[in-house]
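# Survey of secondary and tertiary structure
Below, each chain spelled out in residue letters.
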Amino acid sequence: MRKNDGLDAAPKGKLTVIEDFLPPPAQLVRRERTVRVTSEYTKTSIDFLKEEAKKVKVPYQRMLRSLVDLYVERQSNH
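Bear in mind the structure is a predicted one, so any value in this text is a computation, not a measurement.

### Looking at the packing of helix α2 (residues 43-55) against helix α3 (residues 60-76)
Viewed as axis vectors pointing N to C, α2 and α3 meet at an angle of 110°, and their least axial separation amounts to 8 Å. One way to sum up the angle between α2 and α3 is to call them roughly perpendicular. Taken together, the residues of α3 that come into contact with α2 (itself represented by Ile46, Leu49, Lys50, Glu52 and Ala53) are Tyr60, Met63 and Leu64. The residue makeup of the contact of α2 with α3, split by class, is six nonpolar, no polar and two charged.

### With respect to a nonpolar patch on the surface
Residues Ile18, Phe21 and Leu22 make up a contiguous nonpolar surface patch of about 390 Å² in total accessible area. Judged by relative accessible area, which is 63%, Phe21 ranks as exposed.

### Some details on unusual backbone geometry
Non-glycine residue Lys57 carries a positive phi angle of around 60°. In this structure, Lys57 sits in the loop between α2 and α3.

### Quick word on the environment of Ile46
Summarising the element assignment, Ile46 is placed in helix α2. When the C-alpha positions of Ile46 and Arg62 are compared, they lie 12 Å apart, and in sequence the two are 16 residues distant. Ignoring sequence-local partners within four residues, the contact set of Ile46 consists of Tyr41 and Tyr60.

### What about the confidence of the model for the chain?
On average, the chain scores 86 in pLDDT, and the residues at 70 or more come to 92%. Within the chain, the lowest mean pLDDT, 74, falls on helix α1 (residues 25-28), and the highest, 96, falls on α2.

### Side note on the pattern of salt bridges
Within this structure, the stated rule accounts for three salt bridges. Between Glu51 and Lys54 there is a salt bridge; the shortest N-O distance is 3.8 Å. In this pair, Glu51 and Lys54 are both assigned in helix α2, three residues apart and thus about one turn of the helix distant. We note a salt bridge from Glu52 to Lys55, for which the minimum N-O separation is 3.0 Å. On the criterion of helical spacing, the pair formed by Glu52 and Lys55 is a turn pair, its members being three residues apart in helix α2. Overall, the relative accessible area of 27% leaves Glu52 in the partly exposed class.

Reading the values: rules and limits
Residues numbered from 1 in each chain as written. Predicted model: local features only at pLDDT ≥ 70, side-chain atom pairs only at ≥ 80, totals over all residues. Heavy atoms only, no water. Axes fitted to C-alpha atoms, helices over the stretch in contact; angles between N-to-C directions. Helix = DSSP H or I, 4+ residues; strand = E, 2+ residues; numbered from the N terminus. Parallel < 35°, antiparallel > 145°, perpendicular 65-115°, else oblique. Contact = heavy atoms within 4.5 Å. Nonpolar A, V, L, I, M, F, W, Y, C, P; charged D, E, K, R; others polar. Patch = residues over 30% accessible without salt bridge, like charges linked within 9 Å, V, L, I, M, F, W, Y side chains within 5 Å. Areas by Shrake-Rupley, 256 points an atom, 1.4 Å probe, with all protein chains shown as cover. Salt bridge = Lys/Arg side-chain N within 4 Å of Asp/Glu carboxyl O. Buried < 20%, exposed > 50% of the residue type's maximum accessible area, 1.4 Å probe, protein only. pLDDT = per-residue confidence, 0-100.

Below, the structure written as structure tokens:
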């Protein structure tokens, strides 16, 4: 009996080679300088961020940083 390798449903026929469009791995994540600050937030806000961050398995601090960065980016484009 033949073992099913999952390729039975794969497309068959002529293949088209596409150009490699991805940047090198070192360029996929941009590293920016950070500054350490002390801030105070409401418990409700931090609890929300912690729950949301847990769902996507990232530290809530990273989510908070991304939130601030996105806000600054959008406001800078006005």
